[in-house]
Amino acid sequence: MKKRLLSAVLALVLVLTLLPFDALAADEVASGTCGDNLTWTLDSDGVLTISGSGAMEDYKLLLFLVRTPWYSNRSNIKTIRVENGITAIGDYAFAGLNAVESVFLPESLLKIGASAFAGTSSLKAIVVPDAVDSIGTKAFGYSSVLPSLSGKISGFVLYGLATGSAKTYAQENEVTFYCTHGETDSSVYQKTGETPATCTEKGAVEYICSICGGAWSNTTPLVAHEYGEGVVNESKSNDAEIV
């Protein structure tokens, strides 16, 4: 019995090794163009790939919907892969793709458009390539594509050069930031100061990267009031009084 089982396993392995690579690859679900020299494909594994050279098109938010060609497949897109050669990600390009969990951006990238990743609420971290020198309004870290409903994504972290545009964006938008030099080894981050938060003012923790020398700070939230065991009475003027 054991010999028969072993023979069956070996036969299966042999068949798999003889199959062409394409037979094991994910199937293409949809495809199209997204720029003058750019194409996009979505496969059955949920990977959206942008290929070609140059800048992606800019897209718009109309009637509360993002007008990108892959938006109708948003619930199936788990990974975004932008290949080398792409120089710019368009406005709203990947907005509203709330099932996306990972994003891979190329070293050729120079610009990330406004709201490019707004509403990607399942995305908890992204690495901005070193060459990026322009990041649009609300490109990362916002939970909705609608400006009136757009809060921050809880736990989102932006990685980039501590001397580059990613840090500037993070500081202006109060998004948690860390230098890419410590993405896999946080020991390169040196804590240089801390301002405790209060009930009226946010705090901050200051860092410096021991490799590039870049410095930044991450905001800490307000702390709640502590009233102890006081009893709240109402005065005749309807103002609350703690006694």
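Residues numbered from 1 in each chain as written. Predicted model: local features only at pLDDT ≥ 70, side-chain atom pairs only at ≥ 80, totals over all residues. Heavy atoms only, no water.

## Regarding the overall build of the chain
Part 1 of the reasoning: When its secondary structure is counted, the chain shows three helices and 19 strands.
Part 2 of the reasoning: Residue burial in the chain is summarised as follows: out of 243 residues, 38% are buried.
Part 3 of the reasoning: Within the chain, counting contacts between residues at least 6 apart in sequence, those at least 24 apart form 39% of the total.
Part 4 of the reasoning: A total accessible area of about 14,100 Å² is found for the chain, and carbon and sulfur atoms account for 53% of it. (Helix = DSSP H or I, 4+ residues; strand = E, 2+ residues; numbered from the N terminus. Buried < 20%, exposed > 50% of the residue type's maximum accessible area, 1.4 Å probe, protein only. Contact = heavy atoms within 4.5 Å. Areas by Shrake-Rupley, 256 points an atom, 1.4 Å probe, with all protein chains shown as cover.)

## Side note on the sheet that holds strand β12 (residues 134–135)
Part 1 of the reasoning: Strand order in the open sheet formed by four strands is β4-β8-β10-β12, and the pairing between neighbours is parallel. Here the strands that pair on one side only, and so sit at the sheet edges, are β4 (54–55) and β12.
Part 2 of the reasoning: With two bridges joining them, β4 and strand β8 (residues 86–89) adopt parallel strand pairing. The partner of Gly54 across the bridge, within β8, is Ile86. (Pairing = 2+ DSSP bridges.)

## A word on the packing of aromatic side chains
For any pair of aromatic rings, the description consists of the separation of the ring centres together with the inter-plane angle of the planes.
Part 1 of the reasoning: As enumerated under the stated definition, the model contains 13 aromatic pairs in all.
Part 2 of the reasoning: With a centroid separation of 5.7 Å and 90 degrees between ring planes, the pair formed by Phe140 and Tyr169 is classed as edge-to-face. Of the two residues, Phe140 sits in the loop between β12 and β13 (157–160) while Tyr169 sits in helix α3 (residues 165–173), which places them 29 residues apart along the sequence.
Part 3 of the reasoning: Phe140 sits in the buried class, given a relative accessible area of 1%. (Phe/Tyr/Trp six-rings, centres within 6.5 Å; stacked < 30°, edge-to-face > 60°.)

## Things to note about the nonpolar core
The nonpolar side chains of a soluble globular protein tend to be buried, and buried together.
Part 1 of the reasoning: Formed by 58 residues in total, the largest nonpolar core has its most connected members in Ile50, Trp70, Phe94, Phe117 and Phe140.
Part 2 of the reasoning: Not counting residues up to four positions away in its chain, the partners in contact with Phe117 are Ile80, Ile89, Phe94, Val103, Leu105, Ile112, Leu123, Ile126, Ala139, Phe140 and Tyr142. (Core = buried A, V, L, I, M, F, W, Y, C linked by side-chain atoms within 4.5 Å.)

## Here's the deal with the sheet that holds strand β17 (residues 215–220)
Part 1 of the reasoning: Spatially, three strands are ordered β15-β16-β17 in an open sheet, and the strand pairing comes out antiparallel. Edge positions in the sheet fall to β15 (189–195) and β17, since each has one partner strand and no second. This sheet shows a mean twist of 25 degrees between the axes of neighbouring strands, independent of strand direction.
Part 2 of the reasoning: Two strands pair when backbone bridges link them, and β15 and strand β16 (residues 203–209) are joined in this way by six bridges, in the antiparallel orientation. Bridging from a neighbouring strand, Glu194 pairs with Val205 of β16. (Axes fitted to C-alpha atoms, helices over the stretch in contact; angles between N-to-C directions.)

## Considering the side chain of Ser115
Part 1 of the reasoning: With respect to the secondary-structure elements, Ser115 resides in the loop between β10 (111–112) and β11 (125–127).
Part 2 of the reasoning: Since its relative accessible area comes to 11%, Ser115 is described here as buried.
Part 3 of the reasoning: What Ser115 contacts, discounting residues up to four positions off in sequence, is Tyr92, Ala95, Thr137, Lys138 and Ala139.

## Considerations on the environment of Lys78
Part 1 of the reasoning: Summarising the element assignment, Lys78 is placed in the loop between β6 (65–66) and β7 (79–82).
Part 2 of the reasoning: Residue Lys78 is classed as partly exposed on the basis of its relative accessible area of 36%.
Part 3 of the reasoning: Remark: the alpha-carbon pair of Lys78 and Leu48, spanning 30 residues in sequence, is separated by 7.9 Å.

## Quick look at the environment of Thr163
Part 1 of the reasoning: Assignment of secondary structure puts Thr163 in the loop between β13 and α3.
Part 2 of the reasoning: Take Thr163: its relative accessible area is 58%, and that puts it in the exposed class.
Part 3 of the reasoning: With 33 residues separating them along the chain, Thr163 and Asp130 place their C-alpha atoms 9.4 Å apart.

## Some remarks on the pattern of salt bridges
Part 1 of the reasoning: For the coordinates displayed, the defined rule picks out two salt bridges.
Part 2 of the reasoning: Here Lys202 and Glu174 are joined by a salt bridge, their closest N and O atoms 2.7 Å apart. Of the two residues, Lys202 sits in the loop between β15 and β16 while Glu174 sits in the loop between α3 and β14 (176–179), which places them 28 residues apart along the sequence.
Part 3 of the reasoning: Residue classification places Lys202 among the partly exposed residues on the basis of a relative accessible area of 45%. (Salt bridge = Lys/Arg side-chain N within 4 Å of Asp/Glu carboxyl O.)

## Topic: the state of the cysteines
Part 1 of the reasoning: Per the counting criterion, the structure on display carries zero disulfides.
Part 2 of the reasoning: Cys209 forms no disulfide, and the closest cysteine sulfur to it belongs to Cys212, at a distance of 3.7 Å. (Disulfide = S-S within 2.5 Å.)

## Regarding the side chain of Asn173
Part 1 of the reasoning: Locating Asn173 in the fold gives a position in helix α3.
Part 2 of the reasoning: By relative accessible area, which is 14% here, Asn173 ends up buried.
Part 3 of the reasoning: Not counting the four nearest positions on each side in its chain, Asn173 is found in contact with Tyr142 and Lys152.

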